[in-house]
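Architecture at a glance
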Amino acid sequence: MADIIKLLPDHVANQIAAGEVVQRPASVVKELMENSIDAGSTSIKLIIKDGGKTLIQVVDDGAGMSETDARLSFERHATSKISSAQDLFNLETKGFRGEALASIAAIAHVDMQTRTSSQEVGTHLKIEGSKVVSQDLVATPQGTSIAVKNLFFNIPARRNFLKSNQVELRHITDEFHRVAMVHPDIEFYFYNNGSEIFNLPRTKHRQRIVHIFGSKMEHRLVPVNEETEVVKISGFICKPEFAKKSRGEQFFFANNRFIKSPYLHHAVVAAFEGLIKPDTYPGYFLFLEVDPSSIDINIHPTKTEVKFDDENTLYAILRSTIKHSLGQFNVAPVLDFEHDPNLDTPYSYKEKGVVIPKVTVDAAFNPFQETPVNKSSGSNYRKQSTKGWEDMYEGLGHQNDHNDFSSVIIESESEVQGTLYSGKEVEEHLASTFQMRRKYVVSTVRSGMLVIHQNRAHERILFEKFLGEITVKEGVSQQLLFPLELTFSKQELAILMEIKESLTNIGFAFQSLEEETVKVTGVPMMVPESGIGTVLDRLIADYNEGYADGSISQAEMLAKALSRNLAVRTGEVLDQESQLTLVNNLFACKEPTLSPFQKITYTIISEGDIDKKFN
Ligand code: ADP
Ligand code: MG
């Protein structure tokens, strides 16, 4: 049999290797910026077009490369950073594998101009798919400029796999933050499609964080400092009251390299225990310095997952350091520990004033009267199309007539003011409902007992409502007497711009979207003035998290986020009318059985099952 094993041609090997290094434009950004830092730059410019699909360019003022080095830098395993295996254990630089440039050049059009301080003229090199297309002399400032164009031009499958420009830009921005945050002594610029989105002057850590995340950060940061034999910790945590529902402002850096560590994250969260609500995350920017030989950064190709020699000790030190900072800076507990957060009123209900329930007794009520009391007096009810739902009630109407007691309860309690669903209809023939443990709304139906999960059901109702409004643009807006000025970070603003149209459709009105501040002039009917900031914050956070994977439409994502944030919570008391409306509106939904998050909204316990209990 003939020999069948062949060596892969270099360019194929490079393409395969590139898959490991370059997943998306953001990976190129990371590699190029890290090279610039390793080259001792003091100023780095990042230039992006079309989410990095058309152009990613990094311009630095670092050491530059000689003509030979410029050529060599694109060879696999060409690195100036290590020369022996021992060096691997004492790395101070970001790169060391010598494969980033080779990989990038295998899958893109690369244009490099570079000059060292000792050269008069620089080198201009063009490479396309690992092939050198041209090499010339060029007049260029000291430093290096590398432009990466048409990423994945020769691997259509990978190119098609890329997400929208906006999503790719967001990944790039994340990467930019991570690099910029650890190097406040370097100035950074970031241009996207010709406009400047970041201009970060040389400064200290704290100001760098503020420049990146917006001036609102200024008052949120609490410094953290600790030096032990094992680790030096510095950086900042955000005050507990600014803990967010989203992850995002959580950063660990080990020896100036961004890392992900669920274990250490847990240590931070543990230090905040009791100070923040269970479903929120504290913000933190923590810089750890450990002996380079005690950390293995080589276990993952993208190098964000690390292994520390003594993680347990690190955990303990980190947790107590943060506790100490929280105590030292008088960050007093802001939450009432005895208080069940589930019983919190959602913000849409806060500041609405206390409503004293008025119970009026129907004087005309006579339990022995044959004719039913008219439940609907005073309201103009309109029947909803609740086909199918009505079927469940078939046969109940008659029983109801004999059970007038329930109707009296409805009558009296519907006098309670401030219902959830102003102006909504209530089915006349609906049996009485009651609320169980402020969590379920219970009613009887033909086949048994109906138990509705109030939070999930309301999520479903709101989801369908908002989805409709976003697409049909029919949201009702409530104009604010005094426009509200809100401050956002740049990336929050970018997201806001992305979702602005949909938000306008559901009733938000923005007057100006400029430098960090946004004027809100109108909001949807459901959103109270006091909650606007929170709603927008959470919306942006939810959207950022959910949309990043790009698998669902913007409208759906937003409707989900809105429903999640505005739905009635578990723990909330619903008056009778709200309970009835909840039931009716749920069954008027297209998909009443599941919440937008695919959780069951109601169940029916059959009469048979109940009968069995009495056997
Ligand atoms: P690594 O960073 O792992 O060494 P790379 O492929 O990223 O490998 O880069 C190869 C080499 O090219 C580097 O070791 C460095 O010598 C040189 N190089 C890359 N980018 C720059 C730059 N911006 N300025 C100066 N030298 C650079
Ligand atoms: Mg490198």
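Things to note about empty space enclosed by the protein
For the coordinates displayed, the defined rule picks out two cavities of 30 Å³ or more. Of the voids in this model, the largest cavity is the one considered here, and its volume is about 100 Å³. Lining the largest cavity are 12 residues, and of these Lys 30, Glu 34, Arg 178, Val 179 and Phe 258 sit closest to its centre. Those elements that place two or more of their residues in the lining of the largest cavity are helix H2 (25–38), helix H6 (165–182) and strand E12 (257–259). The dominant element in the lining of the largest cavity, judged by the number of residues it contributes, is H6, at four residues. Classifying every residue of the lining of the largest cavity by side-chain character gives four nonpolar, two polar and six charged. No fewer than three residues from each of domain 1 (10–202) and domain 2 (206–328) sit in the lining of the largest cavity. Estimated volume of the second largest cavity: approximately 50 Å³.

Regarding the environment of Ser 145
Checked against the element boundaries, Ser 145 lands in strand E6 (residues 143–149). Taking relative accessible area as the criterion, Ser 145 reaches 14% and is therefore assigned buried. Ser 145 sits 33 residues away from Met 112 along the chain, and the two C-alpha atoms are 5.6 Å apart. Every residue in contact with Ser 145, bar those within four places of it in the chain, is listed here: Gln 57, Val 58, Val 59, Asp 111, Met 112 and Gln 113.

Some remarks on the packing of aromatic side chains
Within this structure, the stated rule accounts for 16 aromatic pairs. The interplanar angle of 50 degrees and the centroid separation of 4.9 Å between the aromatic rings of Phe 176 and Phe 190 together place this pair among those described as tilted. Remark: Phe 190 occurs in strand E7 (residues 187–192) and Phe 176 occurs in helix H6; sequence separation between them is 14 residues. For the pair formed by Phe 176 and Phe 190, the shared burial category is buried. Pairing Tyr 189 with Tyr 191 gives two aromatic rings, centres 6.4 Å apart and planes at 10 degrees, and the pair type is stacked.

Conventions used here
- By convention here, each chain's residues receive numbers from 1 onward along its written sequence.
- Chain labels run from A onward and ligand labels from 1 onward, assigned in the order the entries are written.
- Local features in this predicted model are restricted to residues of pLDDT 70 or higher, and side-chain atom pairs are both shown and tallied only at a pLDDT of 80 or more, whereas totals for entire chains, interfaces and linings draw on every residue.
- Computation of side-chain values: all heavy atoms of the structure, hydrogens and water removed.
- The distinction between a cavity and a pocket rests on a 1 Å grid over the protein atoms alone: a 1.4 Å probe fits inside a cavity but cannot get out, while a pocket stays open yet meets protein on both sides within 12 Å along at least five of seven lines, and a residue with an atom within 4 Å of a point counts as lining.
- Grid points are joined across faces, edges and corners, and a volume is the space filled by probe spheres set on the points.
- Note on conventions: DSSP H or I runs of at least 4 residues are helices, E runs of at least 2 residues are strands, and numbering of each starts at the N terminus.
- Each residue is assigned to one of three groups, with Ala, Val, Leu, Ile, Met, Phe, Trp, Tyr, Cys and Pro labelled nonpolar, Asp, Glu, Lys and Arg labelled charged, and all others, Gly among them, labelled polar.
- Throughout, the edges of the domains are those of an automatic or database domain assignment.
- With a 1.4 Å probe rolled over the protein chains alone, any residue whose accessible area is under 20% of its type maximum counts as buried; one over 50% counts as exposed, and the rest are partly exposed.
- Working rule for contacts: check all heavy atoms of both residues, and any pair within 4.5 Å makes them a contact.
- Only Phe, Tyr and Trp rings are paired, with Trp represented by its six-membered ring, and only when their centres lie within 6.5 Å; those with planes under 30 degrees apart are stacked, over 60 edge-to-face, the remainder tilted.

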